[in-house]
Amino acid sequence: MKNQEIKEEGIYVWVKYVELGKFEIKIGQYQKKSELNQFIQDSEHFEKCFERLPYVEGFAAANERFDAPVKLNKSSSPYCAIIDASRYKARIEDQAWNSIWENFFRKAYQYITPKEDIMSEKMLFFKEYLQDLNRFWHDLVVFQERVAAFNADKVNDGNSIKLYDWVYIFLDESLERYKSCYNNFLGIGTDDFKQCSELLGFDTDRKPFLSHITGMSNEWYKISNEEQAVVKSFMKKLKAKDIFPKPLPIFIDRKELNHDVVSIVHEGKGKLSFNDIFERLYENGKDSFKGDDLGNYYLLYAQIENKKLGIKDFEYVPSFLYRLDYYIEPVFKTDTSHVIKIKTVFDFQKIIVGEIFDNCLVKQDEKGGWHENYWGELDIKYCKTNNMYRLLTSYRRAFYEYIYKSKREAITKDMFRDIINSNIQDVLKDYKYRVTDQQKEEKIKKLLNIYFNLNKYFDKMNNNFNQESDTFSMVQTTKDLIKGFQGLLNEENRHLEEGHDVEYAFALGQVVYYLVSQNESKNKTHSLLLPYMQLNNFNSIIQNVKNDCTKYAYKIAFSNKKFNKAFSEICGYMASTNFNNLKSYFLAGYFSKNMIYN
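In spatial order, the strands read 2-1-4-3; together these 4 strands make up an open sheet with mixed pairing. The open sheet has two edge strands, strand 2 (22–30) and strand 3 (80–84), and neither has a second partner. Pairs of neighbouring strands in the sheet enclose a mean axial angle of 15 degrees, with direction left out of account. Here strand 3 runs beside strand 4 (residues 166–171); their pairing, made up of 5 bridges, is antiparallel. When the bridges of strand 4 are listed, Ile82 appears paired with Tyr168. Strands strand 1 (10–19), strand 2, strand 3 and strand 4 of the sheet are contacted by helix 5 (residues 121–131), whose axis makes an angle of about 135 degrees with strand 1.

See below:
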């Protein structure tokens, strides 16, 4: 990664010592996503500043700074100062100002090599420049006035410039000197070790829950200073520009794969996702990867929140299972009546996760890009229902584990059933997003197609369908139930036999659909099914059926033999199974093509 990618917004000052009593100051401001930077900056001195920026800020926490307890200068280099000008301006008296810089340079000088450089004219000048408050503020105020004048001319066209408080002051010293000082600060080449939590800025003395307290030794989780340098550089790059995928794979003992990942990121137009990278690794057949399932990597999920880098998840993944062989056969006809093939985990994420979480967890934008929210803040107002908010808070991490860590046990049968049933309830209650009968039916049929086809992958023995078999197929069973109910209606001597509760639940769904379809409301929808879904036993449901039959008796012809047969069969049957255990078969009957109609 190029150093120029590490840029911080703020005011940059380049101080060049010429000779005794003579120096040059160049000052400008860097503002991200602004076309105005070039107007106020010297591009050459900005590039020098950005080139040195990775080697001047090495503190993990504010209380480590050289000017502690004031903690207003966050530089770890004697060749640079990084200060919050607004705080200095308001709070620091001249005498305190001198004392701050004395403390800073006394600690920073110890990292300069050779030591003779400490007393060089250039270093003495730089210290005097920073201690001279009036001269320093004069240069800064001149620049601020220049920006203010520029903004006054641009007040009407919206091209004004934000004036930043953070000031980065760099001495004109070689890049090698900056690097040498930074390496000395980190202790590279010594036997000093630090804990990972210290490196990331966690105060484990005040927050013991952030420390490792269950290990056999306090040493195994410490890392050397060489490793610190690498990790700190990596963390800076994570903060500097949001170009890394979320999550980010870091391969162990396979440097060529890490190289491939970086190459793909640089080759891509715009930011690439984890999905994009792995799809290219698999489909493009990189030299370092011949098509086996990838694995043996750490998965890092880091994101910026309130201008701070947060590590949301970091875990070892022994094997990543990319390919799937799932099919969605259209048991119920929808706008996509063909067989849907789920070939990869990312197909599963886009097609299945997007559908069952109603585009609240995974969604596609207008430009075709995909966005996921496995770790970000959840705002209930952006969820379509309170129930969807509950589902997201309860289950989104499980789907993250299933997709990105190949933990096939992460999604359980209870989760899957809860998500489908809760979604159906929401759709039936929905008067905002799906208000028509067709919209409600389309959504529920898609959910049932997913449920009936994929349940076996999360519920090996098909307990959700009241079964104890790993060979059971709800798709085939639904087809068989349709044929069986057809035979029941057409054959006079055929009846529901005792112990066939599944056939009974399916027939009941057919009868309920027929009855609610008799409703003459202008805006009739499948919401009329809701009172049935909220009941827990068949006796209550049969009573509802009888009430609806009485209500719509004037519309049902006495000679309707199919309805008469179906109605008599369900009213005369005594189920031994709880309705909740057979709800899937009831819904299958309701949403299948109704065979009571002639």
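In this model, Thr113 is joined to Pro114 through a cis peptide bond whose omega is -5 degrees. Tracing the backbone through its elements, the reader meets Pro114 in the loop between helix 4 (94–108) and helix 5. Unlike most non-glycine residues, Asp358 shows phi in positive territory, near 55 degrees. Tracing the backbone through its elements, the reader meets Asp358 in the loop between helix 12 (345–356) and strand 12 (362–364).

Turning our attention to the pattern of salt bridges. For the structure on display, the rule yields 22 salt bridges. Notably, a salt bridge pairs Lys127 with Glu102, separated by 3.2 Å at the nearest N-O pair. Taken together, the positions of Lys127 in helix 5 and Glu102 in helix 4 put the pair 25 residues apart, joining distant regions of the chain. Given a relative accessible area of 37%, Glu102 falls into the partly exposed group. Across the pair Arg494 and Glu491 runs a salt bridge, and its minimum N-O distance is 3.7 Å. One connected set of salt bridges, linked through shared partners, spans Asp313, Glu315, Glu401, Lys405 and Lys407.

Moving on to the packing of aromatic side chains. Applying the stated criterion across every chain, the model contains 59 aromatic pairs. On the numbers, 6.1 Å between centres and 65 degrees between planes, the contact of Phe23 with Tyr129 is edge-to-face. With Phe23 in strand 2 and Tyr129 in helix 5, this pair connects stretches of sequence that are 106 residues apart. On the basis of relative accessible area, Tyr129 is assigned to the buried category, the value being 1%. Taken together through their ring pairs, the aromatic side chains of Tyr326, Phe332, Phe348, Tyr402, Phe416, Tyr451, Phe452, Tyr457, Phe458, Phe465 and Phe472 make up a single cluster. Over the face of the ring belonging to Trp166 we find Lys74, whose NZ or CZ atom lies 4.2 Å from the ring centre. Above the ring of Tyr402, the side-chain terminus of Arg408 is found at 4.5 Å from the ring centroid.

Right, let's talk about the nonpolar core for a bit. The biggest cluster of nonpolar side chains holds 108 residues, and the ones touching the most others in it are Phe278, Phe348 and Phe357. Of all the elements, helix 17 (residues 501–516) adds the most residues to this core, at 11 residues. Not counting residues up to four positions away in its chain, the partners in contact with Phe278 are Pro249, Phe251, Leu294, Tyr297, Phe320 and Phe346.

What follows is about the packing of helix 12 against helix 13 (residues 386–404). Here helix 12 crosses helix 13 at 170 degrees, and the two axes come no closer than 12 Å. Taken as axis vectors, helix 12 and helix 13 run roughly antiparallel relative to one another. Note on element contacts: helix 13 touches helix 12 through Met388, Phe399, Tyr402, Ile403 and Tyr404, opposite Val345, Phe346, Phe348, Gln349, Val353 and Ile356. Considering only residue class, the contact of helix 12 with helix 13 consists of 10 nonpolar, 1 polar and no charged.

Along the chain, Leu489 turns up in helix 16 (residues 474–490). On the accessibility criterion, Leu489 (11% relative accessible area) is buried. Put simply, Leu489 and Ala566 are 77 residues apart on the chain and 6.7 Å apart in space, counted from C-alpha to C-alpha. What Leu489 contacts, discounting residues up to four positions off in sequence, is Lys562, Lys565, Ala566, Met595 and Ile596.

Moving on, we come to helix 13. Given a rise of 1.5 Å per residue, 19 residues ought to cover 27 Å, and the 27 Å separating the end C-alpha atoms of helix 13 matches this to within 8%. Residue Tyr395 marks the point of greatest curvature in helix 13, where the axis turns by about 50 degrees. Looking only at helix 13, the buried set comprises Met388, Leu391, Leu392, Tyr395, Arg396, Ala398, Phe399, Tyr400, Glu401, Tyr402, Ile403 and Tyr404. Immediately downstream of helix 13, the backbone of Ser406 shows phi near 55 degrees, a positive value.

This part covers the state of the cysteines. Scanning the model with the defined rule gives 0 disulfides in all. Cysteine Cys360 remains unbridged, with the sulfur of Cys383 as its closest cysteine sulfur at 5.2 Å. On the accessibility criterion, Cys360 (18% relative accessible area) is buried.

An order of 7-8-9 is seen for the 3 strands of this open sheet, with the pairing classed as antiparallel. This sheet does not close on itself; its edge strands, each paired only once, are strand 7 (248–251) and strand 9 (308–317). Pairwise comparison of adjacent strand axes, ignoring direction, gives a mean angle of 25 degrees for this sheet. Of the strand pairs in this sheet, strand 7 and strand 8 (residues 297–305) are connected by 4 bridges, and their pairing is antiparallel.

Here we come to the side chain of Lys440. Along the chain, Lys440 falls in helix 15 (residues 437–458). Despite its burial, Lys440 pairs with no opposite charge; the closest candidate is Asp430, at 5.5 Å N-O. A polar contact is formed between the side chain of Lys440 and the backbone oxygen of Val427, at a distance of 2.7 Å. Ignoring any residue separated from it by four or fewer positions in sequence, one finds Lys440 in contact with Val427, Leu428, Lys429, Asp430, Arg434, Thr525, His526 and Ser527.

Here is what the cut-offs are and how they apply
- In this convention, every chain numbers its residues from 1, walking through the sequence in written order.
- Per-residue local features are limited, in this predicted model, to residues with pLDDT of at least 70; the limit for side-chain atom pairs, both in listing and counting, is 80 or more; totals at the level of whole chains, interfaces and linings are taken over all residues.
- Water and hydrogen atoms play no part in the side-chain values, which are based on all heavy atoms of the structure.
- For two strands to be treated as a pair, DSSP must find no fewer than two bridges joining them.
- Here a helix means four or more residues in a row that DSSP labels H or I, a strand means two or more in a row labelled E, and each is numbered from the N terminus.
- Axis definition: a line fitted to C-alpha atoms, limited for helices to the stretch in contact. Angles are taken between N-to-C directions and run from 0 to 180 degrees.
- By the convention used here, residues are in contact when the closest approach between their heavy atoms is within 4.5 Å.
- When a carboxyl oxygen of Asp or Glu is within 4 Å of a side-chain nitrogen of Lys or Arg, the pair counts as a salt bridge.
- The rule is simple: take the accessible area with a 1.4 Å probe, protein chains only, and divide by the maximum for that residue type; under 20% is buried, over 50% is exposed, in between is partly exposed.
- The criterion for an aromatic pair is that two Phe, Tyr or Trp rings (for Trp, the six-membered ring) have centres within 6.5 Å, with stacked assigned to planes under 30 degrees apart, edge-to-face to planes over 60 apart and tilted to the rest.
- Both a distance and an angle decide whether a charge sits over a ring: NZ of Lys or CZ of Arg must be within 6 Å of the ring centre and within 35 degrees of the ring normal.
- Here, the term nonpolar core denotes a set of buried Ala, Val, Leu, Ile, Met, Phe, Trp, Tyr and Cys residues that are joined through side-chain atoms within 4.5 Å.
- Angular relationships are summarised with four words: roughly parallel below 35 degrees, roughly antiparallel beyond 145, roughly perpendicular across 65 to 115, and oblique for the angles in between.
- Lys, Arg, Asp and Glu make up the charged group, whereas Ala, Val, Leu, Ile, Met, Phe, Trp, Tyr, Cys and Pro make up the nonpolar group; the residues left over, Gly among them, are polar.
- Expected span, for any helix, means 1.5 Å times one less than how many residues it has.
- To get the bend at a given residue, fit one axis to the seven residues ending there, fit another to the seven starting there, and take the angle between those axes.
- What counts as a disulfide here is a pair of cysteine sulfur atoms lying within 2.5 Å.
- For the purpose of counting charges, residues Lys and Arg are taken to be positive, whereas Asp and Glu are taken to be negative. His and the chain ends are not included.
- Here a polar contact means two N or O atoms within 3.5 Å. Within protein one must be a hydrogen donor candidate and the other an acceptor candidate, and residues neighboring in sequence count only if both atoms are side-chain atoms.

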